Amino acid sequence: MDVVYVHGSCVTDAAWWWSSMVGPLASGGLRSVAVELPSCGDGGSFEDDVAAVTAAVEGPALLVGHSYGGMVATEAAARVAVAGLVYVAAVVPAAGESMGSLSDGPPPPFLDFGAEDVGAVASLVPPYFLQDCAADVVEGAVARLVRQSRSVFAAEASSGPAAPSWYVVCTEDRATVPSRQRFFAGRADHVVELASGHHPMLSRPLELASAILRAAEIVGGRR
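Residues numbered from 1 in each chain as written. Predicted model: local features only at pLDDT ≥ 70, side-chain atom pairs only at ≥ 80, totals over all residues. Heavy atoms only, no water.

## Observations regarding the sheet that holds strand S7 (residues 148-149)
Right, on to step 1. The three strands lie next to each other as S5-S6-S7, forming an open sheet whose pairing is antiparallel. Pairing within the sheet leaves two strands with one partner each, and these edge strands are strand S5 (111-113) and S7.
Right, on to step 2. When S5 meets strand S6 (residues 117-120), the two strands line up antiparallel, connected through three bridges. Each bridged residue has a counterpart across the sheet, and for Phe113 the counterpart in S6 is Val118. (Pairing = 2+ DSSP bridges. Helix = DSSP H or I, 4+ residues; strand = E, 2+ residues; numbered from the N terminus.)

Next comes the structure, spelled out in structure tokens:
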């Protein structure tokens, strides 16, 4: 089974963000595929992002949506058959909802909205998103920030989760706070909690891999 990783907003180089997960998942028989989202850095749309993910699904797969990637993974699963969905500190939409409509309160300080795009404020990314990561990881992450098409925040999902679903709540997350994650987790079939910041694939890869491997066992019938 493949694990198809769908990254979050305002970043590029998907394989780098997922690199610490490849070995632990491979040890459990899962192959990793990291998808580059065209809306990040290339001016693409939400539809382009969804198309990139559906094109990466070649047989049984778990879609892992991180942050904004939850929107994309949900829509992709409505268009192509997948074994399951794993949400990591992610947005989980219902039909007709968008990132914009799901926003909770005023725009966060770590996002810089332009007329056509949005970017992350580099100085605020470490304290909000990476506080539990090693210094070299923080440096690599900040180097991979890009601006993203603002139009994705208005794009609406056609359905909610269309496959068995898991939600990984990151209890130390300062960007998507745990209370907000638990709201989205209420839309998933199973919930796991990790004591991590926003990027457990960087700070807690073995623990996140364990949760994904368990999901793969269940959807693969090996309970």
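## What to know about the packing of aromatic side chains
Right, on to step 1. Taken as a whole, this structure holds seven aromatic pairs when the rule is applied.
Right, on to step 2. Residues Tyr5 and Trp18 carry aromatic rings whose centres are separated by 4.3 Å and whose planes lie at 15 degrees to one another, so their mutual orientation is stacked. In this pair, Tyr5 is assigned in strand S1 (residues 2-6) and Trp18 in helix H1 (residues 14-26), connecting sequence segments 13 residues apart.
Right, on to step 3. Tyr5 gets classed as buried once you look at its relative accessible area, which sits at 1%.
Right, on to step 4. Note on Phe113 and Phe153: the rings are 5.7 Å apart at their centroids and 65 degrees apart in plane angle, and the pair reads as edge-to-face. (Phe/Tyr/Trp six-rings, centres within 6.5 Å; stacked < 30°, edge-to-face > 60°. Buried < 20%, exposed > 50% of the residue type's maximum accessible area, 1.4 Å probe, protein only.)

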